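Summary of structural features
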Amino acid sequence: MMKMENEMNVNVPLEVIKASEIEPKEVKWLWYPYIPFGKVTLLQGDPGDGKSKLMLSIAALLSKGEALPFTDEETEPMTVIYQTTEDDADDTVVPRFNSAGGNGENLIFIKEDEKSLSFGDNRIAEAIEKYHARLLILDPMSSYIGENCSMNNANETRAEFNHLIAVAKNTGCAIVIIAHMNKMRDTNPLYRTNGSIDIAGAARSILAITRTPNKEVPAERYMVQVKSNLAPTGSAILFEVAEKGVDFISEMEMTAEEAFQSLAPKMGRPNEKEIKAKEFLLEMLKDGEMLSSDCEERLEAAGFKKSTIKKAKKKAGVISRKRGFLWYWSLPMGDIPRE
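This report concerns the structure included in the present document. Worth saying up front: this structure is predicted, and the values here are computed from it rather than measured.

Moving on to the pairing of strand β7 (residues 174–180). If a strand is regular, its side chains alternate between the two faces of the sheet. Of all seven residues in β7, six are buried, a share of seventy percent or more. Pairing geometry for strand β3 (residues 40–45) and β7, over six bridges, is parallel. Note on β7: the bridge partner recorded for V40 is I175. Taken together, the four bridges between strand β6 (residues 133–139) and β7 define a ladder with parallel strand orientation. Among the inter-strand pairings, L138 is bridged to a residue of β7, identified as I177.

Enumeration over the complete set of coordinates arrives at five aromatic pairs. A ring pair is formed by W29 and Y32, whose centres lie 5.1 Å apart and whose planes are at 85°; its orientation type is edge-to-face. Of the residues examined, Y32 reaches a relative accessible area of 47% and is grouped as partly exposed. Here F280 and F304 contribute two aromatic rings whose centre-to-centre distance is 6.0 Å and whose plane-to-plane angle is 70°, an arrangement assigned as edge-to-face. Remark: F304 occurs in the loop between α10 (292–301) and α11 (306–315) and F280 occurs in helix α9 (residues 272–285); sequence separation between them is 24 residues. Judged by relative accessible area, F304 falls into the buried class, the value being 11%. The ring of F37 has R134 lying over it, and the distance from NZ or CZ to the ring centre is 4.1 Å. Here the basic side chain of R323 rests over the ring of Y328, its NZ or CZ set 5.9 Å away from the ring centre.

Moving on, we get to unusual backbone geometry. Residues Y32 and P33 are joined by a peptide bond in cis, for which omega reads -5°. Mapped onto the fold, P33 is located in the loop between β1 (29–31) and β2 (35–36). Located in the positive-phi region is F70, a residue other than glycine, with phi close to 60°. Examined against the element boundaries, F70 turns out to sit in the loop between α2 (51–64) and β4 (79–84). What makes F70 partly exposed here is its relative accessible area of 36%.

On to the pattern of salt bridges, then. Throughout the structure, instances matching the rule amount to 11 salt bridges. With a shortest N-O distance of 3.5 Å, E66 and K64 are connected by a salt bridge.

The strands making up a sheet associate through backbone hydrogen bonding, with each pair oriented either parallel or antiparallel. Pairing in this open sheet of nine strands is mixed, and the strands run β5-β4-β6-β7-β3-β8-β9-β10-β11 from one edge to the other. This sheet does not close on itself; its edge strands, each paired only once, are β5 (107–108) and β11 (245–252). In terms of strand pairing, strand β9 (residues 220–228) meets strand β10 (residues 236–242) through four bridges, oriented antiparallel. Note that in β10 the partner of R221 across the bridge is F239. Taken strand by strand, α2 contacts β3, β4, β6, β7, β8 (205–211), β9, β10 and β11, and its axis lies near 90° from that of β11.

Moving on to the side chain of N214. Tracing the sequence through the fold places N214 in the loop between β8 and β9. By relative accessible area, which is 14% here, N214 ends up buried. A polar contact is formed between the side chain of N214 and the backbone nitrogen of E216, at a distance of 3.2 Å.

Cut-offs applied
- Residues numbered from 1 in each chain as written.
- Predicted model: local features only at pLDDT ≥ 70, side-chain atom pairs only at ≥ 80, totals over all residues.
- Heavy atoms only, no water.
- Buried < 20%, exposed > 50% of the residue type's maximum accessible area, 1.4 Å probe, protein only.
- Helix = DSSP H or I, 4+ residues; strand = E, 2+ residues; numbered from the N terminus.
- Pairing = 2+ DSSP bridges.
- Phe/Tyr/Trp six-rings, centres within 6.5 Å; stacked < 30°, edge-to-face > 60°.
- Lys NZ or Arg CZ within 6 Å of the ring centre and 35° of its normal.
- Salt bridge = Lys/Arg side-chain N within 4 Å of Asp/Glu carboxyl O.
- Contact = heavy atoms within 4.5 Å.
- Axes fitted to C-alpha atoms, helices over the stretch in contact; angles between N-to-C directions.
- Polar contact = N/O pair within 3.5 Å; in protein donor to acceptor, adjacent residues only side chain to side chain.

The following block contains the structure:
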């Protein structure tokens, strides 16, 4: 016991480094501002929301060197490593990847027949370096964080993530972990991550997928950025889950909170100002889309405050789409949405 105490109290010489001695590095991006190279990104959502299909569609584009959604930056074809315990490669993963038009030469799997992978497995770094992989996808997090790790224990989860963070930093590979969300639907999307809050803390970017309130198109989804440490928060992306993968529809002016609140049940008595602002919006947009700046200007001229406009816009189901450098507002499907 005395020896252990002495070891814990060993004096370590003080060393410091000045900020002036550190060479700043520019962040490089796989998909700006959603997925950075050399960092860990978390993609979360409820079961069946299309997380895996989304990432396989992204992988298919990268495997051919094609530009990612709403960018015009084509690259050299990239190698992607895809690890999953939820779907079999032969009857689900590869068929989906092929349907999305991917190049099968550039999608690889680390064999887990003899031993399952975990964040700290040296085969991950070895495969990335040997095959020059630029993206690693682990699906789902609960299968790869380590069988002896309690996801609710901050010390254990942080230790496991440190292995993966080091691999990302040392190889420059982008790492995306797919995770299910918890059941706390009335809370901030940042706290919907399963397990310890340290899991959300370890990721530099958190993306979430949720269904839209548009019941006429049940396959529609929003992808929103919940957390962005390295760049301004990205636009929401509207996409549709299809047989061949996903169809990317448009960028949207929507926060993660707004996307999740759009599905929350409406409580309490309606506010008269909000009702009038909603009616104003529906009348204004009944003939088609308009510039968002023109809509806001008309609403403010009619005496509505910005906070009221924001709530009315959500209640009216107004869709924001970006074209070029301008944002436009429109009604979904040209119909008046439900309350």
